[in-house]
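# Analysis of the macromolecular model
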Amino acid sequence: MGLFKPNVEILAEKRDVKGLIKALLYHKKDYLVVRREAAEALVKIGLPAVKPLIAVLKDKDWDLRKVAAEALGEIGDSLAVKPLIAALKDKDRDVHYNATVALGKIGDSRAAEPLIAALKDKNSDARRYAAIALGEIGDSLAVKPLIAALKDKDLEVHCAAAVALGKIGDKQAVKPLIATFKDEDREVRREASIALGKIGDSRAVKTLIAALKDYRDVRCAAAEALGKIRDSQAVKPLIAVLEDENRDVRREAAGALDKLGWKPDMSEEGAFYWIAKTGYWEKCVKIGAPAVKPLIAALKDKNDYVRREAAIALGKIGDKRAVKPLMDAFKYEDWHVHPAAAEALGKIGAPAVKPLTAALKDKNDYVRGEAAKALGKIEDSRVVEPLIAALKDKDWDVRKAAANGLICIYKSGKISDVDKNSILACRSSISEEHHDSPASGSSSHSDVGIDIDFSY
């Protein structure tokens, strides 16, 4: 035991198993830290540490037994199976749990029967750990007991049994797992979906297709499972799911369609597919007009990245149907979506002039500024007068955006002489030095001038 704190680092470097076992037994200051470090070192040493750790399984200290059981599981040598089976009867629950987990990690079928017996333990945690370990071991002997555990009153045991059956992959479990979809708890249905996907039996297809209308997590799991089963019945339902409101569900549906060998075409369906894949926005641009409706739908997505990229793609396509939805996108208080929508409207051009002009009167300074930027990119005489009026806006950023827009329009050379003269008449106000300070002797605020060089 020793009076001094053992130097675990040096013992580990020397691969001193005896010394590290003694370090496990250390019980003075910081002993828990020392034990943990010693256990980790013994795990790294591996096989030479197995027998000494087995001996520790009989120590009077429950914490030592617990640490030894965990370490033996990490090492994973079959020599520890019988001692760990014996440890399943340990009076301390933590030792029991660690022994159960360790047996699962080792994966020796000799542990199947004792763990099956543990599925009937009074303690729900013991039943859950036993189910998990049986799934890791993968012995078919556990299939029927695990099917019975699907009816366990404890939700976590039920879910653990479903996970285990999926790992074992025995088709006896298909019908019982399908039956669990009547359960009120969505976590149970999600785990059953995952398990059915791993088993890969087409009898589950109809149930999983129905689950595509369940809660988000269940929809994700069901879509992924259908991709693993690869039954052609699932193609049309999965295509429909490409329009799901949730980004993760759409992505799983697209991935499942990939596994089923489905290929997107230049249609709306194809656009929904590329939106679901995310990161493939240029594919939508290439599709063109048929992609407009799917991209407009994406403007209402909960994810700001999706909304922004959809706006950018709509701008590149340039279809006037996107004008109103892009204007609506200004309503999102998101610094990423606003400029993308404005830029897109600027690219669409003439059809966007009227709504953008109206946006110059919005209460929100940022919206007015983005509207001014967009109008400044449209080579249309109708934008000149509204932008000139915006030079008197109370907000400097709005005035600056209007000024830059007018200068760009002027330099484009694509406007009439009348419009050119109107812009030139504003030259002094555009170039006036900017002042932003409280007005002297009052509580009002002085914000005048734009301070932009207007040379030509």
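Everything that follows concerns the structure shown earlier in this document.
Just so you know, these numbers come straight off a predicted model, no measurement behind them. (Residues numbered from 1 in each chain as written. Predicted model: local features only at pLDDT ≥ 70, side-chain atom pairs only at ≥ 80, totals over all residues. Heavy atoms only, no water.)

## Let's talk about the pattern of salt bridges
Inspection of every chain in the model, using the stated rule, returns 34 salt bridges. The shortest N-O distance in the salt bridge between aspartate 61 and arginine 35 comes to 2.9 Å. You can see aspartate 61 sitting in the loop between helix H4 (50-56) and helix H5 (62-75) and its partner arginine 35 sitting in helix H3 (residues 31-45), a full 26 residues away along the chain. Across the pair aspartate 393 and arginine 368 runs a salt bridge, and its minimum N-O distance is 2.8 Å. (Salt bridge = Lys/Arg side-chain N within 4 Å of Asp/Glu carboxyl O. Helix = DSSP H or I, 4+ residues; strand = E, 2+ residues; numbered from the N terminus.)

## Comments concerning the side chain of aspartate 152
For aspartate 152, the location among the structural elements is in the loop between helix H10 (143-149) and helix H11 (155-168). Residue aspartate 152 is classed as buried on the basis of its relative accessible area of 17%. Setting aside chain neighbours within four positions, we find aspartate 152 in contact with Arg127, Val157 and His158. (Buried < 20%, exposed > 50% of the residue type's maximum accessible area, 1.4 Å probe, protein only. Contact = heavy atoms within 4.5 Å.)

## Some remarks on the state of the cysteines
Applying the stated criterion across every chain yields a total of zero disulfides. Of all cysteine sulfurs in the structure, the one in cysteine 159 sits closest to cysteine 220, which takes part in no disulfide; the separation is 16 Å. Take cysteine 220: its relative accessible area is 14%, and that puts it in the buried class. Counting only cysteine sulfurs, cysteine 220 is the nearest neighbor of cysteine 284, a cysteine outside any disulfide, at a range of 20 Å. (Disulfide = S-S within 2.5 Å.)

## Looking at the packing of helix H9 (residues 124-137) against H11
To characterise two packed helices, one gives the angle between the axes of the helices and the distance between these axes. Running from amino to carboxyl end, H9 crosses H11 at an angle of 10 degrees, the nearest separation of the two axes being 8 Å. When the interaxial angle is binned, H9 and H11 end up roughly parallel. Within the contact between the two elements, H9 uses Ser124, Arg127, Arg128, Ala131, Ile132, Leu134, Gly135 and Glu136 and H11 uses Glu156, Val157, Ala160, Ala161, Ala164, Lys167 and Ile168. Its residues assigned to classes, the contact of H9 with H11 comprises eight nonpolar, two polar and five charged. (Axes fitted to C-alpha atoms, helices over the stretch in contact; angles between N-to-C directions. Parallel < 35°, antiparallel > 145°, perpendicular 65-115°, else oblique. Nonpolar A, V, L, I, M, F, W, Y, C, P; charged D, E, K, R; others polar.)

## Concerning the side chain of asparagine 98
Positionally, asparagine 98 belongs in helix H7 (residues 93-106). Sequence-distant contacts of asparagine 98, that is, excluding residues within four places in its chain, are made with Lys66, Ala69 and Glu70.

## Section: helix H27 (residues 396-412)
The first and last C-alpha atoms of H27 sit 24 Å apart over 17 residues, in line with the 24 Å expected at 1.5 Å per residue. When we look at burial in H27, the residues that qualify are Val398, Arg399, Ala401, Ala402, Ala403, Gly405, Leu406, Ile407, Ile409 and Tyr410. For H27, the N-terminal cap is aspartate 395; the gap from its side-chain oxygen to the backbone nitrogen of aspartate 397 is 3.0 Å. Glycine 413 sits one or two positions beyond H27 and adopts a positive phi of about 75 degrees. (Expected span 1.5 Å × (residues − 1). Polar contact = N/O pair within 3.5 Å; in protein donor to acceptor, adjacent residues only side chain to side chain.)

## Thoughts on a negative patch on the surface
Taken together, the side chains of Glu9, Glu13, Glu37 and Glu40 define an acidic patch exposed on the protein surface. At the level of elements, helix H1 (8-13) and H3 are the ones that each hand at least two residues to the negative patch. Along the chain, glutamate 9 falls in helix H1. (Patch = residues over 30% accessible without salt bridge, like charges linked within 9 Å, V, L, I, M, F, W, Y side chains within 5 Å. Areas by Shrake-Rupley, 256 points an atom, 1.4 Å probe, with all protein chains shown as cover. Lys, Arg positive; Asp, Glu negative; His and termini not counted. Charge placed at Lys NZ, Arg CZ, Asp CG, Glu CD.)

## As for the environment of glutamate 40
Turning to its location among the elements, glutamate 40 is positioned in helix H3. Residue classification places glutamate 40 among the partly exposed residues on the basis of a relative accessible area of 45%. C-alpha of glutamate 40 to C-alpha of valine 8: the two residues are 32 residues apart in sequence and 9.9 Å apart in space.

## What to know about the packing of aromatic side chains
What the rule picks out here adds up to five aromatic pairs. For the ring pair tyrosine 97 and tyrosine 129, a centre distance of 5.0 Å and an interplane angle of 25 degrees mean the geometry is stacked. Placement of the pair is tyrosine 97 in helix H7 and tyrosine 129 in helix H9, with a sequence separation of 32 residues. When its relative accessible area of 24% is taken as the criterion, tyrosine 129 is described as partly exposed. Between tyrosine 273 and tryptophan 274 the ring centres are 4.8 Å apart and the planes differ by 75 degrees, which places this aromatic pair in the edge-to-face class. In this structure an aromatic cluster arises from ring pairing among Trp262, Tyr273, Trp274 and Tyr280. The ring of tyrosine 129 has arginine 128 lying over it, and the distance from NZ or CZ to the ring centre is 4.9 Å. If you follow lysine 400 out to its NZ or CZ, it ends over the ring of tryptophan 396, 4.4 Å from the centre. (Phe/Tyr/Trp six-rings, centres within 6.5 Å; stacked < 30°, edge-to-face > 60°. Lys NZ or Arg CZ within 6 Å of the ring centre and 35° of its normal.)

## Notes on unusual backbone geometry
Positioned with a positive phi, arginine 230 is a non-glycine residue whose angle comes to about 60 degrees. Mapped onto the secondary structure, arginine 230 falls in the loop between helix H15 (216-229) and helix H16 (235-241). With phi around 55 degrees, threonine 278 is a residue other than glycine that occupies positive phi space. Topologically, threonine 278 is positioned in the loop between helix H18 (268-277) and helix H19 (281-287).

## Some details on H5
Helical periodicity: at 3.6 residues per turn, an α-helix aligns residues three or four positions apart in one direction. In this model, H5 (14 residues) spans 20 Å end to end at C-alpha, consistent with the 20 Å of a helix rising 1.5 Å per residue. Along H5, 11 of the 14 residues are buried, which leaves the element largely enclosed by surrounding structure. All of the buried residues along H5 are Asp63, Leu64, Arg65, Lys66, Val67, Ala68, Ala69, Ala71, Leu72, Gly73 and Ile75. Buried residues belonging to H5 abut helix H2 (17-25), H3, H4, helix H6 (81-87) and H7. Between a side-chain oxygen at the N-terminus of H5 and the backbone nitrogen of aspartate 63 the separation is 2.8 Å; the capping residue is aspartate 61. Looking one or two residues beyond H5, the residue adopting positive phi is glycine 76, at roughly 80 degrees.

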